[in-house]
Amino acid sequence: MNIFAINLIMEENRRKKFVIKIKKEKWWKYLIYGTLVLCSIITGIFLGAFLAYEQGLPPVSALEEFKPNIITTVYSDNGEVIGEFALEKRIEISYEEIPDILKKAILAAEDPKFYRHFGIDIKAIIRSIKVDLLAGKPLQGGSTITQQLARLLFLTREKTIKRKIREILLALKIERKYSKKKIFTLYCNQIPIGPGIYGVEAASRYYFGKSAKDLNLEESALIAGLPRSPGLYSPYKHPERALRRRNWVLKRMVEEKFISEEIAKEAMKKPLNVIPPKPINKEFAAYFLEEVRKYIVKKYGTRALYKNGLKVYTTLNIKLQEYAEKALKKGLHELDKRQGWRKDKKNLLKENNEIDLNQYWLNEWKTEEIKEGNLVHGIVLDVSSRLSKIRVKDYIAYLTPSGARWTGITNLRRLIKAGDIILVKIMKIDEEKKILKINLDQEPLVEGAIIAIEPQTGEIKAMVGGYSFKRSEFNRATQALRQTGSAIKPIIYTAALDHGYTPASIIWDEPTTFFDQWTGEPWSPENYDQKYKGAVTLRKGLEESRNIVTAKLLESITPQVGVQYAKKFGITSPLYPYLSFALGSFETSLLEMTSAYCVFPNKGVRVKPFFIKRIEDKEGNILEEQKIESYEVISPQTAFIMTYLMQGVIQRGTAVLARDLDKVLAGKTGTTDEYTDAWFIGFSPSLCAGVWVGFDVKKTLGKNETGARAALPIWKYFFEQIFQDDNNNYNKEEEFEVPPNIVFVKIDRKTGLLASPHCLYTIDEAFVKGTEPKRYCTIEDHLMVYDYYELNKEKEIH
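What counts and what doesn't
- Residues take numbers from 1 onward in each chain, read along the sequence in its written order.
- Restriction of local features to residues with pLDDT of at least 70 applies here, the model being predicted, together with a cutoff of 80 or more for giving and counting side-chain atom pairs; totals for whole chains, interfaces and linings are based on all residues.
- With hydrogens and water stripped out, all remaining heavy atoms of the structure feed into the side-chain values.
- Only DSSP runs of H or I covering at least 4 residues are called helices, and only runs of E covering at least 2 are called strands; the numbering of each starts at the N terminus.
- Think of it in three bands: with a 1.4 Å probe and only protein chains considered, a residue is buried below 20% of the maximum accessible area for its type, exposed above 50%, and partly exposed in between.
- Think of a polar contact as two N or O atoms within 3.5 Å of one another; within protein, one of them needs to be a possible hydrogen donor and the other a possible acceptor, and neighboring residues in sequence only count if both atoms come from side chains.
- A contact between two residues is defined here by any heavy atoms of the two lying within 4.5 Å.
- To obtain an axis, a line is fitted to C-alpha atoms, over the contacting stretch when the element is a helix, and the angle between two such axes runs from 0 to 180 degrees between their N-to-C directions.
- For any pair of crossing helices, the crossing counts as left-handed if the nearer helix is rotated counterclockwise from the farther one by less than a right angle, and right-handed if it is rotated clockwise.
- By definition here, a salt bridge exists when the distance from a side-chain nitrogen of Lys or Arg to a carboxyl oxygen of Asp or Glu is within 4 Å.
- Scored between 0 and 100, pLDDT is the confidence that the predictor attaches to each residue.
- By convention a nonpolar core is built from buried Ala, Val, Leu, Ile, Met, Phe, Trp, Tyr and Cys residues, the set being connected through side-chain atoms within 4.5 Å.
- Strands qualify as paired when DSSP identifies two bridges or more between them.
- Pairing of aromatic rings covers Phe, Tyr and Trp, the last counted by its six-membered ring, and requires centre-to-centre distances within 6.5 Å; plane angles under 30 degrees mean stacked, over 60 mean edge-to-face, and any other angle means tilted.
- Look at NZ for Lys and CZ for Arg. If either is within 6 Å of the ring centre and within 35 degrees of the ring normal, a charge sits over the ring.

Engineer: How would you summarise the side chain of Thr643 if you had to cite specific residues and measurements?
Structural biologist: By the element assignment, Thr643 lies in helix H20 (residues 636-651). Thr643 sits in the buried class, given a relative accessible area of 2%. At 2.8 Å, the side chain of Thr643 forms a polar contact with the backbone oxygen of Ala639. When sequence neighbours within four positions are dropped, the list of residues in contact with Thr643 reads Phe600, Pro601, Ala666, Phe683 and Phe736.

Encoded structure:
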């Protein structure tokens, strides 16, 4: 090959290399230009999306004015919590009040880089993308404490990319504007940690019964592990999961060098130690709490009640409330049993004959406790004439005819059938065999109410407005207006004492037709027993509740005066000056009547009743504080004499059932026509309580269901419990204080004259000095007022 050919080949190679070089350079330029264009497009898209999301975000400056929903707490008279009103159960806590060990536990579990990142953790987000998106799951996890706070306050919990982007943007804005300290504190007050429980302080009290500042290591670890899923890791529903989760938090604390491995291992050996879940008794003080709720809503509004964290200090005494609720239920059940067994029980098989009675779970069992003396619902599984098998939760109970003796029916098949839901009283428990001994019971249809007031202060210490708040929210202690019957008599007798009568005054108890000049019609009242005693003293007229005596007293002083006195005693209901006023023909509430009776043990002074002592805002500033409102109704002397007369009602009269309490007590029964209303209101020197029993509609309680039979036993059960409790201020030896200018004189109970040696019945009677009898009783005086039958009857007795 010649030189020319070689040069030609070399030239051709150089040309090809040059062309290839030019092509490579153009390719790189195209690649660079293309990349820049693509980046510009992507940046534009992201910038546009960012601006779009940015414009739609709420302003984080709202955190400066943010006020979380805080529990309104209601306290008893000694500062114990008796109720709460809240949309979310939350108790605010400051950063300084959060213990260091709890802070570390939360950081280890939720966001160990919290104090080092700027709102988001890039590595955590990338890790979340790898785990979730590559696995085909919705984007979740990887959220910092700041992101979680942003979601809690401003966003929903939907698992979408859109929500995640908004969460990140909000977290960045929050971090720019607020300190880590504020963000962490807000998080600890906002995070849900249990059923309706928000924030670490409320959670600490719920699970451990203590403040967050008192939590130890393992308790802090448990709480720190709950925010991820309070239901899944509930120490009550899933204790094993909760234990594993707590121990995982302890391991994380070791990894973050917050604690040593030895300390963590020691903590892992310990049990959960959560306090037993308290059964929610929505019935306790329910009527009282409803009065509190209505008052606050009316004066401060619904938002203040459910969101502003008010502290309401009330007058309610927990022990007295418990006693009142037990007494009312016991008395109503006894009355209901006298009315007989009702075949009105719900039957599960009738509703669905495929129901498995051994597996079915009653809603009532959620709040019912297996305890001796408790009333619980049961499902009848099987029944023969002499034995019935009944299921109560996980227990089996057996009912025999002796347990249903009160029904008067010995064949159980005539009472109940399989599938019936019945009420039973637990008499004995065999915990090992899961067997109960029971008596048959039933929920009474009759209603009642009881209220207790401290006479000297006007504080309402107990209030029960009905058999069950769940059954009926109508408060029969404050809202129901019912005729008082003979319960009004002490007020009329008081007016009589102030108008010249004395306990020894003689009034003739005999059939009488009055002409009521105020109605223009004749009126012929009768005594309850339709018997007449002839000449009786004013004392005997009250003790035995003689209607004729009261009517004559009212006629003597005039019905207008009677009405005036009732109003002075605090009765605000419409009152009319008719003679029938003597027998309680008007309507009023149990609260007003009980408050009126408080005048007697309080030396003639009426104190306006109240149930809220003071209300504070969440910072402790006093919004209002109750001031005692009082005024004199009658003189201390008249008040004492009336009290002394009403002591006789318990010692010898219509309320003699309460005599065996063996305490200084006074009171008066009340019964209306056809036994539609039964009353008893009575008092010790330091506590006054009133009881009403009846149906919500005008309906008879049954023959002879008087105040003494239907209402008095409830009052007695109430005071009986008080006197058996040595740890209350109302169980102490007390006497009604005798005011100045009162003298005691021994008189003959029948004639009202000074007692002579031949007098069979005598009493040391109280008089205002100067009004006592001046003459001794003679045989002739006895013959004048005793009819032959009564004289001989009393001789036989003695």
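Engineer: How would you explain the packing of helix H7 (residues 200-208) against helix H8 (residues 217-225) if you had to name every residue and give the values?
Structural biologist: One can describe the packing of H7 onto H8 by two numbers: an axis separation of 11 Å at closest approach and a directional angle of 115°. The hand of the H7/H8 crossing is right-handed. Here Val200, Ala203, Ser204 and Phe208 of H7 come into contact with H8, specifically with Glu219, Leu222 and Ile223.

Engineer: How would you explain the pattern of salt bridges if you had to name every residue and give the values?
Structural biologist: Scanning the model with the defined rule gives 46 salt bridges in all. Taking the shortest distance from any N to any O, the salt bridge between Glu705 and Arg338 comes out at 2.9 Å. Of this pair, Glu705 sits in the loop between strand E26 (688-694) and helix H21 (707-724) while Arg338 sits in helix H13 (residues 318-338), and the two are 367 residues apart along the sequence. Exposure remark for Arg338: the relative accessible area of 36% places this residue in the partly exposed category. Here Glu733 and Lys663 are joined by a salt bridge, their closest N and O atoms 3.0 Å apart. Note that Glu733 is positioned in the loop between H21 and strand E27 (742-748) and Lys663 in the loop between H20 and strand E24 (666-671), a separation of 70 residues in sequence. Using a relative accessible area of 22% as the deciding quantity, one classes Lys663 as partly exposed.

Engineer: Please set out the confidence of the model for the protein chain residue by residue, giving values where relevant.
Structural biologist: Averaged over all residues, the pLDDT of the protein chain is 89; the fraction at 70 or higher stands at 86%. pLDDT under 50 marks residues 791-798. Its contacts with residues more than four places away, or in other chains, come to 6 contacts.

Engineer: So what about the nonpolar core? Which residues, and what values?
Structural biologist: Val693, Trp715, Phe718 and Phe719 are the most contacted members of the largest nonpolar core, which totals 116 residues. It is H21 that provides the largest number of residues to this core, a total of 10 residues. Apart from residues no more than four positions distant in its own chain, Val693 is found in contact with Leu332, Leu335, Val446, Glu447, Gly448, Thr676, Asp677, Ala678, Leu701, Ala710, Ala711 and Ile714. Grouped together as the second largest cluster of nonpolar side chains are 47 residues, Leu102, Ile174, Ile197 and Ala212 included.

Engineer: Explain the sheet that holds strand E22 (residues 622-625) to me, and be specific about the residues and the numbers.
Structural biologist: Pairing is mixed across the open sheet formed by 5 strands, whose spatial order is E2-E1-E6-E21-E22. Where the open sheet ends on each side, the last strands, each with one partner, are strand E2 (81-85) and E22. Geometrically, the sheet is characterised by an average inter-axis angle of 15° between neighbouring strands, direction not taken into account. Here 3 bridges tie strand E1 (residues 72-75) to strand E6 (residues 311-314), and the two strands are oriented parallel to one another. If you follow Tyr75 over to E6, its bridge partner there is Tyr313. Each of E1, E2, E6, strand E21 (612-616) and E22 touches helix H11 (residues 286-300); the most contacted strand, E2, lies at about 45° to it.

Engineer: Tell me what's going on with unusual backbone geometry, and back it up with residues and numbers.
Structural biologist: Residues other than glycine seldom take positive phi values, yet Lys257 does so here, at roughly 65°. Along the chain, the position of Lys257 falls in the loop between helix H9 (239-255) and helix H10 (261-268). The exposure class of Lys257 is exposed, given its relative accessible area of 73%. The backbone of Ser545 shows a phi angle near 55°, a positive value even though the residue is not glycine. Within the secondary structure, Ser545 is located in the loop between helix H16 (538-543) and helix H17 (547-557). You can call Ser545 buried: its relative accessible area is 10%.

Engineer: Help me get a handle on the side chain of Thr146, residues and values and all.
Structural biologist: Turning to its location among the elements, Thr146 is positioned in helix H4 (residues 145-154). Among the polar contacts made by the side chain of Thr146, one reaches the side chain of Glu175 at a distance of 2.6 Å. Not counting chain neighbours up to four residues away, the residues in contact with Thr146 comprise Phe114, His117, Gly119, Ala171, Ile174, Glu175 and Ile183.

Engineer: Hey, could you go over the sheet that holds strand E9 (residues 395-399) for me, with residue numbers and the actual values?
Structural biologist: Ordered in space as E7-E8-E9-E11-E10, the 5 strands form a closed barrel in which the pairing is mixed. Between one strand axis and the next, the sheet turns by 50° as a mean value, whatever way the strands run. Across 5 bridges, strand E8 (residues 388-392) lies against E9 in antiparallel orientation. From the neighbouring strand, Lys389 faces E9, where its bridge partner is Tyr398.

Engineer: Describe the packing of aromatic side chains, naming the residues involved and giving the relevant values.
Structural biologist: Working definition: an aromatic ring pair is given by the centre-to-centre distance plus the angle between the planes. As enumerated under the stated definition, the model contains 28 aromatic pairs in all. Three or more aromatic residues joined by ring pairs make a cluster, and in this case those are Phe569, Tyr597, Phe600, Phe683 and Phe736. Over the aromatic face of Tyr467 sits the side chain of Lys329, whose NZ or CZ is 4.6 Å from the ring centroid. Between the NZ or CZ atom of Lys337 and the centre of the ring of Trp406, over which it lies, the distance is 5.5 Å.

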